[in-house]
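Below are the chains, spelled out letter by letter.
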Amino acid sequence: MMRFAVKSGRGNFALDAQFDAPEAGICVLFGPSGSGKTSFLRALCGLDCAQGQIYIAGEDVLPKPAHERGVGLVFQDARLFEHLNVARNLDYAEARARGKSLPRQEIVQALGIEKLLARDCASLSGGERQ
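None of the values given here were measured: they were computed from a predicted structure.

The rules behind the values
Residues numbered from 1 in each chain as written. Predicted model: local features only at pLDDT ≥ 70, side-chain atom pairs only at ≥ 80, totals over all residues. Heavy atoms only, no water. Buried < 20%, exposed > 50% of the residue type's maximum accessible area, 1.4 Å probe, protein only. Helix = DSSP H or I, 4+ residues; strand = E, 2+ residues; numbered from the N terminus. Arc of directions from axis to C-beta. Contact = heavy atoms within 4.5 Å. 1 Å grid on protein atoms, 1.4 Å probe; cavity = no way out; pocket = protein on both sides within 12 Å on 5 of 7 lines; lining within 4 Å. Points joined across faces, edges and corners; volume = space filled by probe spheres on them. Pairing = 2+ DSSP bridges.

Some points on helix α2 (residues 86-95)
Looking at α2, one finds that the buried residues are Val86, Ala87 and Asn89. In a view along the axis of α2, the buried residues occupy a sector of 160 degrees, so they form one face of it. Against the buried residues of α2 lie α3 (104-111).

Here we look at the layout of surface pockets
A volume near 1800 Å³ is recorded for the largest pocket. Forming the walls of the largest pocket are 39 residues, and the residues nearest its centre are Leu73, Phe75, Arg79, Ala93 and Glu94. At the level of elements, α2, α3 and α4 (126-129) are the ones that each hand at least two residues to the lining of the largest pocket. A total of 6 residues in the lining of the largest pocket trace back to one element, the largest contributor, which is α2. For the second largest pocket, the lining is made up of 19 residues, of which Met2, Phe4, Cys27, Leu41 and Leu44 are closest to its centre. Looking at the lining of the second largest pocket, the elements that each hand over two or more residues are β1 (2-10), β2 (13-21) and α1 (37-45). By residue number, the principal contributor to the lining of the second largest pocket is α1, which donates 4 residues.

Points about the sheet that holds strand β4 (residues 59-60)
Strands pair in a sheet through their backbones, by hydrogen bonds, and they do so in one of two ways: parallel or antiparallel. Across the sheet, which stays open at both edges, the 4 strands sit in the order β2-β1-β3-β4 with antiparallel pairing between neighbours. Both outer strands of the open sheet, β2 and β4, are each paired with one neighbouring strand and no more. Examined bridge by bridge, strand β3 (residues 51-56) and β4 share 2 bridges and lie antiparallel to one another. What sits directly across from Tyr55, in β4, is Asp60.

Right, dumping it as structure tokens:
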């Protein structure tokens, strides 16, 4: 069981969230716009400072830096460099992975993006960009 008890804030918004979630399967976080979904996820991933506890596999990951948490986040908006094609965006990410990257072919196959590698980012649809 994953356990979350997080307090964080940004601007005038204060997040105070507590809940448990199963470690296996799919967990959905939903709510109205402005309710703190993205703020919670940013705190979970270590992108925003937070107080409290985030237990994953029995370990509190909140004190760990983002790159040591083992948590990923797909942003709602694309985080691509428009001046690079898809393959070169992957090259950029791989160069900064600090040795913890999966094999490139495994990533490409898992995401089903073989046909997109040579494409300019500006020519991608919203779904392809995600």
